[in-house]
Amino acid sequence: QVQLVESGGGLVQAGGSLRLSCAASGRTFSTYVMGWFRPAPGKEREFVAAIRWSGGSTYYADFVKGRFTISRDNAKNMVDLQMNSLKPEDTAVYYCAARFLTMSRSPGEYDYWGQGTQVTVSS
């Protein structure tokens with residue numbers, strides 16, 4: 001099993017920045033796609049960004065391109081989400097998730113989830 005623990009959430013003003021971290025443990029292989037999701041109207045969760053542990057290929061939702069950056073540290077088994085130029089509409093619980101091999105933007109296709117970390121952006 002893969003265990004995921006998010007950290008780094010908090011309260012910031014609009015235009016500010018936060019760095020979220022997801023620590024992964026219990027994995028045998030470094031062949032996973034790691035994703036970040038948040039709740040959205042009409043969806044259980046919406047895709048934010050993802051990265052492959054192997055190779056580091058990244059994928060982003062259109063609404064975060066140019067503002068958020070996902071990265072990973074293979075030695076530390078950690079994936080980060082650097083969030084800049086935050087907007088009030090970014091306020092949400094952000095979840096780290098993992099699935100085997102194949103990139104996906106669908107939360108239903110991810111197998112492992114963290115408990116989430118709260119991001120609140122004030123006006």
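Remember, predicted model here, so these are calculated numbers, not experimental data. (Residues numbered from 1 in each chain as written. Predicted model: local features only at pLDDT ≥ 70, side-chain atom pairs only at ≥ 80, totals over all residues. Heavy atoms only, no water.)

## Here's the deal with the packing of aromatic side chains
The description of two aromatic rings rests on the distance between their centres and on the angle between their planes. For the structure on display, the rule yields seven aromatic pairs. For the pair Tyr32 and Tyr112, a centre-to-centre distance of 6.4 Å together with 70 degrees between the ring planes defines the contact as edge-to-face. Linking Tyr32 in strand β4 (residues 32-40) with Tyr112 in strand β10 (residues 112-113), this pair joins segments that are 80 residues apart in sequence. Tyr32 gets classed as buried once you look at its relative accessible area, which sits at 13%. Taking 5.2 Å as the distance between ring centres and 55 degrees as the angle between the ring planes, the aromatic pair formed by Phe37 and Trp113 counts as tilted. Placement of Phe37 in strand β4 and of Trp113 in strand β10 is noted, with a sequence separation of 76 residues between them. Classification of Phe37 as buried rests on a relative accessible area of 0%. Classification of Trp113 by relative accessible area gives partly exposed; the value is 25%. Just above the ring of Trp113 sits the side chain of Arg45; from NZ or CZ to the centre is 4.4 Å. (Phe/Tyr/Trp six-rings, centres within 6.5 Å; stacked < 30°, edge-to-face > 60°. Helix = DSSP H or I, 4+ residues; strand = E, 2+ residues; numbered from the N terminus. Buried < 20%, exposed > 50% of the residue type's maximum accessible area, 1.4 Å probe, protein only. Lys NZ or Arg CZ within 6 Å of the ring centre and 35° of its normal.)

## Regarding the sheet that holds strand β8 (residues 78-83)
In spatial order, the strands read β1-β3-β8-β7; together these four strands make up an open sheet with antiparallel pairing. Both outer strands of the open sheet, β1 (3-7) and β7 (68-73), are each paired with one neighbouring strand and no more. Ignoring which end each strand starts from, the neighbouring axes of this sheet average 15 degrees apart. The pairing of β1 with strand β3 (residues 18-25) spans five bridges and is antiparallel. The residue bridging Gln3 from the neighbouring strand is Ser25, located in β3. (Pairing = 2+ DSSP bridges. Axes fitted to C-alpha atoms, helices over the stretch in contact; angles between N-to-C directions.)

## With respect to the nonpolar core
The biggest cluster of nonpolar side chains holds 38 residues, and the ones touching the most others in it are Leu4, Met34, Trp36, Val79, Leu81, Met83 and Tyr94. Only β3, β4, β5 (43-52), β6 (58-60), β7, β8, β9 (92-100) and β11 (117-122) provide two or more residues apiece to this core. Filtering out sequence-adjacent residues up to four positions away, Val79 remains in contact with Leu20, Ser21, Cys22, Met34, Trp36, Ile51, Trp53, Ile70, Ser71, Arg72 and Cys96. (Core = buried A, V, L, I, M, F, W, Y, C linked by side-chain atoms within 4.5 Å. Contact = heavy atoms within 4.5 Å.)

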